[in-house]
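Descriptive analysis of the structure
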Number of protein chains: 2
Amino acid sequence: MYAFANGKADGSSALRHLLGGKGCELAEMTNLGVSVPPGFTITTEAWAAYSSADRKHPAGLWEQIMGGMARLEAAVERRLGDTAKPLLVSVRSGARASMPGMMDTVLNLGLNDRTVIGLARWTKNERFAWDCYRRFITIFGDVVLGIERRAFDELLDKAKAVARAKTDADLQPEPLKALVAEFKSLVQARTGKPFPQDPPEQLKLAVNAVFDSWYAKKAVDYRRIHRLPDDWGTAVTVMAMVFGNLGESSGTGVCFTRDPSSGERRFFGEFLINAQGEDVVAGIRTPQPIATLKDNMPAVYDELVTIKDRLERHYRDMQDIEFTVQEGRLFILQTRSGKRTGGAGVRIAVEMVRERLIDRDTALLRVEPASLNQLLVKTVDPRAEYTAIARGLAATPAAAVGKVVFDPEKAVEMALREEHVILVRQETSPEDVAGMHAAQGVLTSRGGLTSHAAVVARGWGKGCVVGAGNVIVDEENRLFRAGRAVVREGQVVTLNGATGEVVMGALPLVDPKLSAEFRQLLEWARSASTTRVRANADTPDDAAKAREFEAEGIGLVRTEHMFFKEDRIPIVRELIMARDEQARRKAVDRLLPFQREDFIGIFTAMNGYPVTIRLLDPPLHEFLPKYKEVIEEYTRLDALGINPARHQELGAVKARIEALQEANPMLGHRGCRLGITFPEIYEMQVRAIVEAACEVAKRGVRVEPEIMIPLTGTVPEMKVTRDMAVRMADKTVAEMGAKGGYTVGTMIEVPRAALIADKLAEHADFFSFGTNDLTQMTFGYSRDDIGKFLPFYLEKKLLPDDPFAVLDQEGVGEMIEIGIQRGRKTKPKLKVGICGEHGGEPSSVEFCHRVGMDYVSCSPYMVPIAWLASAQAQIKRPRSAARGRSH
Amino acid sequence: MYAFANGKADGSSALRHLLGGKGCELAEMTNLGVSVPPGFTITTEAWAAYSSADRKHPAGLWEQIMGGMARLEAAVERRLGDTAKPLLVSVRSGARASMPGMMDTVLNLGLNDRTVIGLARWTKNERFAWDCYRRFITIFGDVVLGIERRAFDELLDKAKAVARAKTDADLQPEPLKALVAEFKSLVQARTGKPFPQDPPEQLKLAVNAVFDSWYAKKAVDYRRIHRLPDDWGTAVTVMAMVFGNLGESSGTGVCFTRDPSSGERRFFGEFLINAQGEDVVAGIRTPQPIATLKDNMPAVYDELVTIKDRLERHYRDMQDIEFTVQEGRLFILQTRSGKRTGGAGVRIAVEMVRERLIDRDTALLRVEPASLNQLLVKTVDPRAEYTAIARGLAATPAAAVGKVVFDPEKAVEMALREEHVILVRQETSPEDVAGMHAAQGVLTSRGGLTSHAAVVARGWGKGCVVGAGNVIVDEENRLFRAGRAVVREGQVVTLNGATGEVVMGALPLVDPKLSAEFRQLLEWARSASTTRVRANADTPDDAAKAREFEAEGIGLVRTEHMFFKEDRIPIVRELIMARDEQARRKAVDRLLPFQREDFIGIFTAMNGYPVTIRLLDPPLHEFLPKYKEVIEEYTRLDALGINPARHQELGAVKARIEALQEANPMLGHRGCRLGITFPEIYEMQVRAIVEAACEVAKRGVRVEPEIMIPLTGTVPEMKVTRDMAVRMADKTVAEMGAKGGYTVGTMIEVPRAALIADKLAEHADFFSFGTNDLTQMTFGYSRDDIGKFLPFYLEKKLLPDDPFAVLDQEGVGEMIEIGIQRGRKTKPKLKVGICGEHGGEPSSVEFCHRVGMDYVSCSPYMVPIAWLASAQAQIKRPRSAARGRSH
């Protein structure tokens, strides 16, 4: 039991693991002399004891809680349950890491049929007292007794309608009393027991409910998404209530020491007169900007400014502060490092270095690599002309396009089918997080910029518009109305998170522009990194984009992506339909100029940097039309006996598809297996690469092509393909009369390749780990089919993460370590990289750094994330290890 | 240069690696005093020098050859090229291991336009001399000059027709002279040069040709199939010719010291009067049984019997002896350990132990495990009634059923599509071995029991009928005639190798009966083995068969095979079409009694032995109808607008298939992934297993079920599935009121499982390596699709073997070693086995023994092979290793 009261606290920031974020910072602020209502915190150790005792109080816990309560009563000189000057308390959860909105809080505890009268008499405010009581029953009913909140809200709405009250605040004492009576009947009906009248019993039930909320589905989901351990548990803080709903000189608000959206160094926040905190967070009323406080309560405003400056300096980070004003007196209820957009995070970190608040390493560690995603998201093309059907608050910088959906579960389901969706809700609640995570964007009709929807979407960098007042959501009929417009489920809309606009249809989106602060951070990251970053790029445009993000070369050019272009696919099909080598060679020769042009563009864009080009990888049937469609059309023409020419043509295509068909194409005739059995394809590709390299070299471009052989699993495969490549490359160089350097290496993506890496290294100039395929084969998971069981596995924690998103260090990681170790046993300076999609995922980048990779390669938009992750890995490395490679 | 002449030889059996099998045994026999024509052997070292010098004679080689020739000339007192008493020689290849018919031999070398006249004069036999000359030009033209033999044979046939000669021997001197002139013109026309007349030049060219024949395609193919190293090379033996074609007191033959087909201890062989050796081997004339020699040349016969007895005692093995009688004088041209059928091998080995010629270990090592295959092959059901359309010589014990095919390449192609084929040829030649290997059986219209077709088919235990005289093969029209019957390509026939009958259609085949010698050898093998043998069996019948072959338990029951039975598939489909868990449970409950009955049968058959049951493994869509057929019928009904009920039903099936469809089912929703997401299936299976076990235990059957979880790749998968199994098993045991022991283990078939085997072992009572899947995932090869590149890979030696037939010890083997090592780190006594198809392949069994597996499990028919391989592994183990497990 750690108490805090009257400028003196048992705890401090250092005890975060024991007191939770909320509890320890309340203690810290108390010691700093900031005005905090007194209270005490029940530790996470108590939670652990309670949890391991099958959710029963361990011996002595209740006595300690009552001891804490006695100290609190002494500090405020009021008593719980006292009918004259009753003490009301809040019971709040508080985990080590902030889990906003995820866990439960009970306010106004201590009220009952008698204390409510005492409170009314003492505060001389009958409306206030009954308003508190109805709030208390609602929250207690919801959190402790498990009665859904909606049941209370419906009664409230009815009461407001009857009383013709516009807002909650307009409800007068008599209707409120009637409402409380109805609430109590509801509780009796639902639980079979009267609403508990004994304040200590209320307290005990509330503490247990907060303990239990650690296991609520929404909290479990949140921890899974944010990869927080389940065994941290929550602390519980019991704190004297202060009231923002005591009239016009009272209120409550949330403020940030800098703008959490832009990062600008300006005081930012929102405030509601005559309200309790839950009104702000839930977005039920739309609050006023913090600046209005200056006019309404100038002294309070000045005090708040002084405190927020002090807290930011103290914590050396942007603070998110909750406060309440009770009859002109300011109380700080919470301070924490504020959630911010990726852009704000970068700006704050860089500016704080300039302000000498933090050093560069701290700045680099302060920015969550994944948060940069937001800066790299697309926005609506400024040249686009459109008319918005609705307008709300601009909650995040990103734009989003997708099909409207009203049900979070449906959003998850559609996202699994790779559909882009926009989740539309009146307001969001923590139950909706899975659906929000799955959606491209979120639109709500209620709530402000600090509402649940806005905070969560901002953290993820999703497009989000909140509080769009003219949007009327009709969940039942799966549509929303906005003025005259009716938008049904499945229709596509665009959310412009930067302007708050909602537009019918898909607007064109454009790539982000990078701020000066972003460039600065990227530069610091590059100079701190030992593991370098390249990009995966298949076109000259991608390559240019990669350079813009400071990629130091290309780690993967997928040559087959060039085959899919419109003007090439007919030639590729001709190649596939060819009956013999001669016909194949003819088609292949026609592809050569296209490939050469592609390579010329890429080499030119990458002037001076290495480019790794993977020879054709997928099976040939990928380039043919879909079998199902061919067979359907063929069967139809066959049944109806029409269009014999088309019928015949389809018959030939069908036969070819059937001949090429594979039970498991992922494990089939592809990669070097294809290159070896149809050597004319790889020969053409090597020729195109080397011709392009010689060509651009003549124009003064420095070029260093790295020819990469996919899917190697045996030494003969490596040797035969390498020999072919070298023979063709040397011949081409001789023909071109140019000097051209090149290297030949291999992907390591088949488990066997990792095992024989020592022997492969004898014939390979470099290794690149293809972790997509390596993950497929190490787990035996098909990436295309994992959707059938992955959601279940994640939900049941059978897997910590999607192994295709986050590298499985235990299994796939060991295969990589074996591969590197053995490869470098043969060639100590063997160049090693990764080109699977894990190359842009921060924890995977850290792994790559640790095992001594020379570089990671990822999609151009992930390059800055990879740089930052690489820098963090280097900064955080154990002191003993000068460099991962020495492992 | 190692000479042998007149009872004295430089070499001996010990120099096999240097002199080849033929050369060293000629030396050995010479030293034994057996009558061998004198000669000398050019070593494999000379071959190696020649090969590495780009097929040029290294310095000094020719001088050494001429030195050897001079010694030979001195020994026989005749000279090469001498026009009065010319020396003729044969030039024979000889590799370390016998490669029958694979490599080239030149006979009658030394003949030219002048020596032929001298030979005629000296032997007083003009016909003989010109017959030798035309044979020499034919062989030399074929082997040395590369003119196809057929061109000579056509001229010969024409000459015979003109001269109305029935056989070659009927051709008189004048037509022979004319034929020789035509042969020489043919050589001139084809090579642009006259036929070489200088005997030393002939010799040099012939030696080189024999050297080069090591690289001929047929030889390379043979080595690949028999896994012989390419760098052994061949020796060349030059030996004075003796002539079996000098008239009625001459002849040539092949004999075996015991019957190579049955193993019976009786003198067995064939003999041709007035012929050269090639006539016997090529099957051009059908020879007489060796017994006729007794009547024709009793002295020669007695001498031959004495020699063969002496050679068998000397070599302590059954000998295959080539001999020639020249005008009543016997010469032995070759002796070697004779090829034999599997049955003969077993009988000979066991009887030689009884005769105290060899000890038990030698007997066990003497029998090639794979040769037992033949004893385990099926034969025609003796109760079958049929009429043969043709009858030939019964070349092997096995029967074969398949589609007729005339082209060896087509045979290979169809076999890859898993079709059973019968290769039909006039006669076979070494070029046909790939096609013969692919076929179930071989039928020839010409040749005897020692013809190429018979020898090769016997070695492989395939069904084979040779010399079926009334069969007329019409390759061009792809048919054969037999009396009035016309059999076209693709029609099914049965070959009864035991009777020589050819029957239209597929006769019923029956399982083999095991000889007493076989049982004896099996018993010796079992008592010598440390690694035990189990069987894979899915039915009570299979289990009984497994016990008959001494399997000590079942290593794999594939429960899904039970699902495919006719009466169950509708319920299984109901299960799959079910929309929710309740409907699934209903279907699953109906499957339970079926499964329980299956298990009762298997447990009863395996009384006292362990039974490992794998829970459902394949993806659900395997149990639905084929997608292609559904979609075709659906589209057809749709286009024609008919049969709405069927249309609708198909629509539902189609939708379900589409929902379940997977891009790579091998890596998809199957194994424990299915068991975890649809727990009702595994729950039912565990209940059925335990109910069956309790049931049979009540009847006094000793039962030890091992419940095996497939496709485990993570610890949570193992834990969750194990917990489910234990919960359900214990509950069932309690309900049944019985005492029942069971264990729960896992397959190791995903690479990741091998890597985390230490952690899996904490929750597993046993491991069983599923090497089929482990091979698929370690290589990234789909077993169903490997046909697209495997033939090419084998041909180009990119892979030494099909890795699904022969365990890849380098890659997959290392995964297994890692798995065992880590598993036993956690549980030193962990029971470990293998249940992939490699469990019956001898080199793989040896590997399993070496890495310390407790048992291997294979199909019931492979069990004896596995026992023998296991015994051999134990006998051959390095002295230092008492037991593989200690590795």
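First things first, this report covers the structure right here in the doc. (Residues numbered from 1 in each chain as written. Chains lettered and ligands numbered in written order. Predicted model: local features only at pLDDT ≥ 70, side-chain atom pairs only at ≥ 80, totals over all residues. Heavy atoms only, no water.)

**Digging into a nonpolar patch on the surface**
Taken together, the side chains of Leu640(A), Ile642(A), Leu640(B) and Ile642(B) present a nonpolar region at the surface, about 330 Å² in accessible area. The residue Leu640(A) is located in helix H23 (residues 627-640) in this model. (Patch = residues over 30% accessible without salt bridge, like charges linked within 9 Å, V, L, I, M, F, W, Y side chains within 5 Å. Areas by Shrake-Rupley, 256 points an atom, 1.4 Å probe, with all protein chains shown as cover. Salt bridge = Lys/Arg side-chain N within 4 Å of Asp/Glu carboxyl O. Helix = DSSP H or I, 4+ residues; strand = E, 2+ residues; numbered from the N terminus.)

**Observations concerning the packing of aromatic side chains**
Counted by the stated rule, this structure contains 36 aromatic pairs over all chains. Ring geometry for Phe563(A) against Phe623(A): centres 5.7 Å apart, planes inclined by 45°, an arrangement best described as tilted. On the criterion of sequence distance, the pair formed by Phe563(A) in helix H20 (residues 559-563) and Phe623(A) in the loop between strand S29 (610-614) and H23 is long-range, its members being 60 residues apart. Just as Phe563(A) is buried, Phe623(A) falls in that class too. With a centroid separation of 6.0 Å and 55° between ring planes, the pair formed by Phe256(B) and Phe268(B) is classed as tilted. (Phe/Tyr/Trp six-rings, centres within 6.5 Å; stacked < 30°, edge-to-face > 60°. Buried < 20%, exposed > 50% of the residue type's maximum accessible area, 1.4 Å probe, protein only.)

**Regarding the relation of the copies chain A and chain B**
With an axial shift of 0.1 Å and an RMSD of 0.2 Å, the rotation relating chain A to chain B amounts to 180°. Look at the turn and shift together and you get a two-fold axis relating the two. Residue by residue, 100% of the interface of chain A is reproduced at the interface of chain B, so both copies engage with the same surface. (Least-squares fit on C-alpha atoms with pLDDT ≥ 70 in both. Contact = heavy atoms within 4.5 Å.)

**Things to note about the sheet that holds strand S11 (residues 288-289) of chain A**
Residues and elements named next belong to chain A. Strand order in this open sheet of 5 strands is S11-S10-S9-S12-S13, and the pairing throughout is antiparallel. Each end of this open sheet is capped by a strand with a single partner; those strands are S11 and strand S13 (329-337). Two strands pair when backbone bridges link them, and strand S9 (residues 251-256) and strand S10 (residues 268-273) are joined in this way by 6 bridges, in the antiparallel orientation. Pairing of threonine 252 across the sheet is with leucine 272, part of S10. (Pairing = 2+ DSSP bridges.)

**Side note on helix H33 (residues 842-850) of chain A**
Each full turn of the α-helix corresponds to 3.6 residues, which orients residues three or four apart in the same direction. Residue and element names in this part refer to chain A. Of all 9 residues in H33, 7 are buried, a share of seventy percent or more. Taken residue by residue, H33 has Pro842, Ser843, Ser844, Val845, Phe847, Cys848 and His849 as its buried positions. Positive backbone phi, at 85°, marks glycine 852, one or two positions downstream of H33.

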